[in-house]
Amino acid sequence: ALPQLDSLISHLVAAKRSLSSINHVWRANEIVTSARSALEESVVISARTGFLRRGLNNQLRLLYSVRSEVEEVSLRGRSEFASVLKSLDTADARLRKTLDSLRDTIVHASFRPEGEEPRSLHDFVDERGVEELRAALKSSIDRTNEAQAELDTSNSAFDDELQSIKQALGNYREATKLASSSSSSSSASNSSLPSLSSMPPMLQSLEMHAQEMANLLESLVQHFDLCVTAVKHTEGGGAAARSITGDMPAAVTVSGRGVPNIEQGIHDNLNAPLDPLSESDYQEMVNVLIKDAAEAEDVVMEIQDRIGDMESILENISSQRDVLLSIYNATIGVFRHLSSLATARLPGYIAQAHSFTRVWGEEHDRINGGLADLSDLNTLYDGFLEAYDGLILEVARRRHVRQRVEKVLRETKHKLDLLYEEDVNARETFRVEQG
């Protein structure tokens, strides 16, 4: 017996409902397009990031080398300056001690005019040369301190720049760390970019899903056409077929392949004149329709499963693209810091180190000359003290010689007196005896 028209209509309604899967096919097409765009963007971003990072590594090494050199200039200058100041303090203390000795040494009254107030050896020294020398040394020290302070300020600003760059590098490392943790590759490290090798196979998988979904949808369309034909060939089915198929969806294109225009196809099918159909052919058509109707639901489920897989794959691709973009943005951040520093402020930091080296070289020579002058003055004043001490010794020696001479003179006078007295007595005796 022939199936009832109601049964065929129910199959037609179910077939029409299954054609709503065309929305999934449209979405599949959007997913493939988005994934292809994400892959192209990822390739460009990865290439740019790799290029920038290779340049940044060299620039960072050079930058930290410059900072070390500038710091070395500061430390070396500070050490030399401290050593020179220590030598200056020692020389100045020695000179002050010598001057104090001059002040403490009172010139003996016997060396000065009678009635003059007591005077020290320091009163006979012109100390203006010492004060002028100390003023010149103080000027050199002040200029060196000023240059050192300017270099310290410059180096501090340099360190602030480096801190900003370290912060930008921290953002970069955090981005690469997230990329590494989200990567399934065991060889991923904090310093490597995520691999793009997994993205092309995922895109191919999406294209395969989309193509297969288009094929499945085409089979649903063919089943629907068969249902329409069967209803039309069933008595009283023409009007029902037109009523059910009055709001069919439009066509869709997937991966370069066009799914037939459903609406136009159904319209043509409904308006086409009925071809004569034998009873056996009609029965065979109905049997095929019933067999396909049992499988239509599985086809719809498969389309749904495939679109779910595609959404998951697209999310994975987009996630990898976003990770690469975050690494690229972090790399750009480091690059901008370096570029700004190199063009605007780094030359000034280097010039400040050169300026300090020049100033310290000039003042170092002046201070060394001042040290020699301090030593010469100390030698001069020490010689003055030693000369006074020698004068005292010479006076004592002369006094001792004079005392010895006076003693000899006294003894000689005594002998002469005795000889004279002896001579007088002899003359008197001669006069008495001889008349």
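Bear in mind the structure is a predicted one, so any value in this text is a computation, not a measurement.

**Student:** Teacher, can you tell me more about the overall build of the chain here?
**Tutor:** The secondary structure content of the chain amounts to seven helices and two strands. Along the chain, helices and strands appear, N-terminal first, in the series α-α-α-α-α-β-β-α-α. When burial is assessed residue by residue, the chain has 34% of its 435 residues classed as buried. Relative to all contacts within the chain whose residues are 6 or more apart in sequence, the contacts with residues 24 or more apart total 88%. When the accessible surface of the chain is split by element, carbon and sulfur atoms take 53% of a total near 25,700 Å².

**Student:** How do you make sense of the packing of helix α4 (residues 199-232) against helix α7 (residues 279-434) when you look at a structure like this?
**Tutor:** A pair of packed helices is captured by two measures, namely the crossing angle of their axes and the spacing between those axes. The interhelical angle for the contact between α4 and α7, taken along N-to-C directions, is 155°, at an axis separation of 8 Å. Taken together, the axes of α4 and α7 are roughly antiparallel relative to one another. In the packing of α4 onto α7, the handedness of the crossing is left-handed. Grouping the amino acids of the contact of α4 with α7 by side-chain chemistry returns 25 nonpolar, seven polar and five charged.

**Student:** When you look at the pattern of salt bridges in this model, what are you seeing that I'm missing?
**Tutor:** If you walk through the whole model with that rule in mind, you get 23 salt bridges. Notably, a salt bridge pairs Arg27 with Glu311, separated by 2.7 Å at the nearest N-O pair. Placement of the pair is Arg27 in helix α2 (residues 22-104) and Glu311 in helix α7, with a sequence separation of 284 residues. Take Arg27: its relative accessible area is 28%, and that puts it in the partly exposed class. In this structure, a network of salt bridges that share partners links the residues Arg143, Arg358, Glu362, Glu363 and Arg366.

**Student:** Teacher, can you tell me more about the packing of aromatic side chains here?
**Tutor:** Think of a pair of aromatic rings as described by two things: how far the centres are apart, and how the planes are tilted against each other in angle. Using the criterion set out here, one finds two aromatic pairs in the structure. Considering the side-chain rings of Phe81 and Trp360, the 5.4 Å spacing of their centres and the 75° angle between planes classify their relative orientation as edge-to-face. Here Phe81 is found in helix α2, whereas its partner Trp360 is found in helix α7, with 279 residues between them in sequence. For Trp360, a relative accessible area of 5% puts it in the buried group.

Rules and cut-offs
- Residues numbered from 1 in each chain as written.
- Predicted model: local features only at pLDDT ≥ 70, side-chain atom pairs only at ≥ 80, totals over all residues.
- Heavy atoms only, no water.
- Helix = DSSP H or I, 4+ residues; strand = E, 2+ residues; numbered from the N terminus.
- Buried < 20%, exposed > 50% of the residue type's maximum accessible area, 1.4 Å probe, protein only.
- Contact = heavy atoms within 4.5 Å.
- Areas by Shrake-Rupley, 256 points an atom, 1.4 Å probe, with all protein chains shown as cover.
- Axes fitted to C-alpha atoms, helices over the stretch in contact; angles between N-to-C directions.
- Parallel < 35°, antiparallel > 145°, perpendicular 65-115°, else oblique.
- Left-handed = near helix turned anticlockwise from the far one by under 90°.
- Nonpolar A, V, L, I, M, F, W, Y, C, P; charged D, E, K, R; others polar.
- Salt bridge = Lys/Arg side-chain N within 4 Å of Asp/Glu carboxyl O.
- Phe/Tyr/Trp six-rings, centres within 6.5 Å; stacked < 30°, edge-to-face > 60°.

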